[in-house]
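# Descriptive structure summary
In case you want the letters, here they are:
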Amino acid sequence: MSGQISVIMSFKNIVLIFLLSYLFVNKSRGQIGGGESFSFLNIPSSPKTMALGGMNISLTGKDVNSIFNNPAQLDSSEHNTMGINFIPYFAGIKYSTLSYARTIGNGVWGAGIQYVNYGDFQQTDASGNVSGNFLANDFAVLVSHSRKQGNITFGGNLKFVGSTIEAYSSYAVMMDFGGVFKHPDLDISYAFAIRNIGLRIKSYTNSTGADLPVDVQMGMSFKPMYMPVRFSLTAHHLQKFNITYSDPTIVERDLNGNVIPSSASFTDKLARHLVFGAEFLLSRNFNLMLGYNHLMRQELSQKNIGGFSGFSVGFMVKTKVFDFSYSYSGYSPAGNLNSFGLVCDLKRIIR
């Protein structure tokens, strides 16, 4: 009975934290795309996340990279593990992440770094004369903590985020909050996360900066009995229903020259919030992953040329010492992304 009461109280705490955070977040404009700064925080942090559609906050298990998605995914199975990921992004941009977790007392602590290197740029004056080169990069450094109470794990991240372009810079302090409820008998978990709530402490200029990339998310993962597949569904940007982007430079007209209004249907607007993922557990040492992101599909595919946009695939090879993962994600007919990751069990390397 006491265990049931503890679970009920924990669930009430999750609901309370979610509602308070949602009310706080909903005061912002809630825009995505060009209306946000530090948007690199939305790039999937690992091949596994990218292969499952780019977002996942509900999967539990030995994956230290999950602290970038939902700090409540951090659990004791990730004690003394380290994750390293590399994503060669578009136009020569390089994106990499590093994470580490360790159990201390009754909780799990973690640390992570996200770094984007945009490369060298040629600097010119107003007349076009070359005066040198300059660098541009984005980064985030986080400290994470999670604690289990009954069947529910609570977690939080504290992040210092920065962006520099030549002599200009912008900084912010952000937080992530999350919770994961794992069913005691069934292979099913429910999760929520509120990401990138924070305060800008310095902008590129004295004018007001763009919104932070706040994202309210809910998700679930479940594995049907006797079926070697684990399904995941993640809902994102719940603080704003209509996240459709309409390009003002694109105007369609009918045969009479009249402007054709461009508007998404209710079903399309709803589907843009959803990310689907499936993990095929083919053996103890090999998993295959598939994902679909409808928002990415709608925004990145060209008209009548959808291609692989919004779809993603990947695999993971597991050994006693490390897990190697790879993903291939469809962005547009002009190019797609590969990503590579390694999770090392340091307990088996350093004794």
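This text goes with the structure placed above it.
Here we summarise the structure given alongside this text. (Residues numbered from 1 in each chain as written. Predicted model: local features only at pLDDT ≥ 70, side-chain atom pairs only at ≥ 80, totals over all residues. Heavy atoms only, no water.)

### Considerations on the overall build of the protein
The condition is simple: Numbering goes from the N terminus for both helices and strands, where a helix is a DSSP run of H or I of at least four residues and a strand is a run of E of at least two. Think of it in three bands: with a 1.4 Å probe and only protein chains considered, a residue is buried below 20% of the maximum accessible area for its type, exposed above 50%, and partly exposed in between. Only heavy atoms enter the contact rule, under which two residues are in contact if any of them lie within 4.5 Å. Residue-level accessible areas treat just the shown protein chains as cover; the underlying method is Shrake-Rupley with a 1.4 Å probe.
Scanning the protein from N- to C-terminus turns up four helices and 14 strands. Each of the 351 residues in the protein was classed as buried or not, and the buried ones make up 43%. For the protein, the share of sequence-separated contacts (at least 6 apart) that also reach a separation of at least 24 residues comes to 55%. Surface accessibility of the protein: about 18,300 Å² in total, with carbon and sulfur atoms responsible for 62%.

### Points about the environment of Ile104
Along the chain, Ile104 falls in strand β2 (residues 94-104). Once the C-alpha coordinates of Ile104 and Ser76 are considered, the two residues, 28 residues apart in sequence, prove to be 9.4 Å apart.

### Notes on the packing of aromatic side chains
We apply this condition: Aromatic rings from Phe, Tyr and Trp, taking only the six-membered ring of Trp, are treated as a pair when their centres fall within 6.5 Å; an angle between ring planes under 30 degrees marks them as stacked, one over 60 as edge-to-face, and anything in between as tilted.
Tallied over the entire structure, the rule returns 17 aromatic pairs. Summarising the aromatic geometry, the rings of Phe90 and Tyr331 are spaced 5.4 Å apart at their centres and angled 70° between planes, so their arrangement reads as edge-to-face. Here Phe90, found in the loop between β1 (81-88) and β2, pairs with Tyr331, found in strand β13 (residues 322-332); they are 241 residues apart in sequence, far enough to count as distant. Ring centres of Phe315 and Phe324 lie 6.3 Å apart, and the angle between their planes is 55°; on these two criteria the pair is classed as tilted. For Phe315, a relative accessible area of 26% puts it in the partly exposed group. The structure contains a cluster of three or more aromatic residues connected by ring pairs, namely Phe286, Phe315, Phe324, Tyr326 and Phe340.

### Focus on a nonpolar patch on the surface
Put simply, the rule reads: For patch detection, residues must exceed 30% relative accessible area and be free of salt bridges, and they are connected within 9 Å for like charges or within 5 Å for nonpolar side chains (Val, Leu, Ile, Met, Phe, Trp, Tyr). A side-chain nitrogen of Lys or Arg and a carboxyl oxygen of Asp or Glu constitute a salt bridge if their distance falls within 4 Å.
A contiguous nonpolar surface patch, about 980 Å² in accessible area, is contributed by Ile84, Leu98, Ile113, Tyr115, Val141, Leu158, Phe160, Val173, Met175, Phe177, Leu199 and Ile201. With three residues, the top contributor of residues to the nonpolar patch is strand β6 (residues 168-182).

### Details of the pattern of salt bridges
As enumerated under the stated definition, the model contains eight salt bridges in all. Among the salt bridges present, the one from Lys62 reaches Asp345, with a minimum N-O distance of 2.9 Å. Of this pair, Lys62 sits in the loop between α2 (47-51) and β1 while Asp345 sits in strand β14 (residues 335-345); the two residues are 283 residues apart in sequence, bridging distant segments of the chain. According to the relative accessible area criterion, Lys62 is partly exposed, its value standing at 37%.

### Overview of the pairing of strand β12 (residues 311-318)
Where we set the bar: Strands are treated as partners if at least two bridges between them are detected by DSSP.
Sheet analysis places strand β11 (residues 286-293) next to β12, joined by seven bridges and oriented antiparallel. Its bridge partner lying in β12, Met289 is registered against Gly314. In terms of strand pairing, β12 meets β13 through seven bridges, oriented antiparallel. What sits directly across from Val313, in β13, is Tyr328. Taking the residues that link successive antiparallel strands as the turn, the β12-β13 hairpin has three residues.

### Remarks on the environment of Gly178
Following the sequence through the fold, Gly178 ends up in strand β6. Each C-alpha atom, one on Gly178 and one on Met218, is 9.4 Å from the other, the two residues being 40 residues apart in sequence. With residues near it in sequence (within four places) discarded, Gly178 still touches Asn70, Pro71, Ala72, Thr153, Phe154, Gly155, Phe192 and Ala193.

### Considerations on unusual backbone geometry
Positive phi, normally seen in glycine, also occurs at Phe38, with a value near 55°. You can call Phe38 buried: its relative accessible area is 7%. Positive phi, close to 50°, is recorded for His237, a residue that is not glycine.

### Here's the deal with the side chain of Gln217
Stated precisely, the cut-off is as follows: Pairing of N or O atoms within 3.5 Å defines a polar contact, subject to two protein rules: one partner must be a possible hydrogen donor and the other a possible acceptor, and residues neighboring in sequence count only if both atoms are side-chain atoms.
Locating Gln217 in the fold gives a position in strand β8 (residues 215-222). On the basis of relative accessibility, which here comes to 2%, the residue Gln217 falls in the buried class. Within polar-contact distance, the side chain of Gln217 engages the side chain of Asp215 at 2.7 Å.

### Observations regarding the nonpolar core
Counted only if it meets this: The definition of a nonpolar core used throughout is a set of buried Ala, Val, Leu, Ile, Met, Phe, Trp, Tyr and Cys residues joined through side-chain atoms within 4.5 Å.
Residues Phe38, Phe40, Leu41, Val161, Met174 and Leu212 are the most contacted members of the largest nonpolar core, which totals 21 residues. Of all the secondary-structure elements, those providing two or more residues to this core are β6 and β7 (188-202). Membership of the second largest hydrophobic core comes to eight residues, among which are Val64, Phe68, Ala101 and Val343.

### Comments concerning the pairing of β7
Note that β6 and β7 share 11 bridges and pair antiparallel. Opposite Gly178, over in β7, you have Ala193 as the bridge partner. Counting the residues that bridge the hairpin from β6 to β7 gives five residues. Of the pairings in the sheet, the one linking β7 to β8 comprises eight bridges and is antiparallel in character. Bridge assignment links Ala191 to a residue of β8, and that residue is Gly219.

### Focus: the side chain of Ser46
Within the secondary structure, Ser46 sits in the loop between α1 (2-25) and α2. Among the polar contacts made by the side chain of Ser46, one reaches the side chain of Thr49 at a distance of 3.2 Å. With residues up to four places along the chain from it excluded, the contact list for Ser46 reads Asn65 and Asn85.

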